[in-house]
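Architecture at a glance
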Amino acid sequence: MPTAASTTRWVTVDGLKLRFHEAGSGPPLVLLHGSGPGVSGWANFGGNLPVLAEHFRCLILDQPGFGGSARPEVYERNYLRIAADAVVGLLDQLELPTAHLLGNSMGGAVATLVALEHSQRVDRLVLMAPGGVGVNVLGPEPSEGIRRLLDFTMDPTRDRVLDWLRTMVFDQSILTDELVAARLRTAADPAAIAALRDAYATFANPAFAEQVPLWARLRGLRNEVLMLWGRDDRVTPVEGALLPSRQLPNADLRLFGRCGHWVQIERKAAFERSVTDFLVHGLH
């Protein structure tokens, strides 16, 4: 059984020492976590690694500033571009000409940006309630989950991390004392809080704004895409799936009932089957 320690690897990209977890063999699959207090690649996907590693060479990356990965001293451009360069750098360092990408939330935005600007490096794409790709037409902006996340970054208390975690899942029983304690332990790290604040600040900084947002570029993404979305997502509401499902030229959308933002946790077995079938066989 792969563990966080046994799978830990390190690579240096643009002077940053980045941590990733590696297991399995077969076509390479890079997994990109979302944002949030105490987040890491292992926290997002460690539970899925035993099944996915039976089919793929899994590379779970801690994006810059998250988990065990270093960060630039100052963010001088949009964080998505910093993270996208880290993905391409990982592929370069491992001498991988192409890979599948799987991105959750913010990681979905990063995966989309990599596929748009380095299409020759990306095979198939799995996007789990991706940030920046959908558009909320009716719901509030920011969403309830994002508001709770921002509340925590301003005042990182146990109650606020609990408020945020409750918006992440449909089934509240998933939030065991062990899970909450683990998240709070890593989330309370001042360096982790600063990295999260600084990354989010780049999204609000007009100087770092993209001339064309991701959602407006989707018609140019030619890769085959599988989108996975929880019906009860309070972070990236499911209505955001409608525009990309129409705009992406080669995409399927699967909705998971009784499921929030963490499809890979709340619907673990169905998630693993969906990902494996799509990456092995494609859309046809």
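See the structure above.
Residues numbered from 1 in each chain as written. Predicted model: local features only at pLDDT ≥ 70, side-chain atom pairs only at ≥ 80, totals over all residues. Heavy atoms only, no water.

**Quick notes on the packing of helix 4 (residues 79-93) against helix 5 (residues 106-117)**
- The contact between helix 4 and helix 5 brings their axes to 9 Å, and the two run at 65°. Relative to helix 5, the element helix 4 is oriented roughly perpendicular. When the axes of helix 4 and helix 5 are compared, the crossing they make is right-handed. Touching Tyr 79, Leu 80, Arg 81, Ala 83, Ala 84, Val 87 and Val 88 of helix 4 are Met 106, Ala 109, Val 110, Leu 113, Val 114 and Glu 117, all from helix 5.
- For the contact of helix 4 with helix 5, the per-class residue count stands at 11 nonpolar, no polar and two charged. (Axes fitted to C-alpha atoms, helices over the stretch in contact; angles between N-to-C directions. Helix = DSSP H or I, 4+ residues; strand = E, 2+ residues; numbered from the N terminus. Parallel < 35°, antiparallel > 145°, perpendicular 65-115°, else oblique. Left-handed = near helix turned anticlockwise from the far one by under 90°. Contact = heavy atoms within 4.5 Å. Nonpolar A, V, L, I, M, F, W, Y, C, P; charged D, E, K, R; others polar.)

**A short note on the packing of aromatic side chains**
- According to the stated counting rule, one finds four aromatic pairs in the structure shown.
- For the ring pair Phe 66 and Tyr 79, a centre distance of 5.9 Å and an interplane angle of 75° mean the geometry is edge-to-face. Of this pair, Phe 66 sits in the loop between strand 4 (57-61) and helix 4 while Tyr 79 is found in helix 4, placing the two residues 13 residues apart along the sequence.
- For Phe 66, a relative accessible area of 4% puts it in the buried group.
- For Tyr 79, a relative accessible area of 0% puts it in the buried group.
- Residues Tyr 200 and Phe 203 carry aromatic rings whose centres are separated by 5.6 Å and whose planes lie at 65° to one another, so their mutual orientation is edge-to-face. In this pair, Tyr 200 and Phe 203 are both assigned in helix 9 (residues 190-204), three residues apart and thus about one turn of the helix distant. (Phe/Tyr/Trp six-rings, centres within 6.5 Å; stacked < 30°, edge-to-face > 60°. Buried < 20%, exposed > 50% of the residue type's maximum accessible area, 1.4 Å probe, protein only.)

**Side note on unusual backbone geometry**
- The linkage connecting Glu 141 with the following residue, Pro 142, adopts the cis geometry, with an omega of 5°.
- The residue Pro 142 is located in the loop between strand 6 (122-128) and helix 6 (144-154) in this model.
- Backbone geometry at Glu 95 places phi at a positive 55°, although glycine is not the residue there.
- Relative to the helices and strands, Glu 95 resides in the loop between helix 4 and strand 5 (99-104).
- If you check the backbone angles, Arg 258 has positive phi at about 50° while not being a glycine.
- Examined against the element boundaries, Arg 258 turns out to sit in the loop between strand 8 (251-256) and helix 11 (263-266).

**Considering helix 5**
- Here helix 5 contains 12 residues, and its C-alpha end-to-end distance of 17 Å stays within 8% of the 16 Å for a straight helix at 1.5 Å per residue.
- Summarising burial for helix 5: 11 of the 12 residues are buried, a large majority.
- Residues Met 106, Gly 107, Gly 108, Ala 109, Val 110, Ala 111, Thr 112, Leu 113, Val 114, Ala 115 and Leu 116 constitute the buried set of helix 5.
- Check the buried side of helix 5 and you find it contacts strand 3 (28-32), helix 4, strand 5, strand 6 and helix 9. (Expected span 1.5 Å × (residues − 1).)

**Notes on the nonpolar core**
- With 64 residues, the main nonpolar core has Val 30, Leu 101, Val 110, Val 114, Leu 125 and Val 225 as its most contacted residues.
- In terms of residues, this core owes the most to one element, helix 4, which gives 10 residues.
- Membership of the second largest hydrophobic core comes to 23 residues, among which are Leu 29, Phe 56, Phe 278 and Leu 279. (Core = buried A, V, L, I, M, F, W, Y, C linked by side-chain atoms within 4.5 Å.)

**What to know about the pattern of salt bridges**
- Applying the stated criterion across every chain, the model contains 16 salt bridges.
- For Arg 217, the salt bridge is made with Glu 117, and the minimal N-O distance between the two is 3.2 Å. With a gap of 100 residues between them, Arg 217 in the loop between helix 9 and strand 7 (225-230) and Glu 117 in helix 5 connect regions that are remote in the sequence.
- A relative accessible area of 23% places Arg 217 in the partly exposed class.
- Between Asp 232 and Arg 231 there is a salt bridge, with the nearest N and O atoms lying 3.1 Å from each other.
- Shared partners join several salt bridges into a network, and the residues in it are Arg 81, Glu 117, Glu 210 and Arg 217. (Salt bridge = Lys/Arg side-chain N within 4 Å of Asp/Glu carboxyl O.)

So, to be careful, I would describe these as geometric facts and stop short of saying anything about function.
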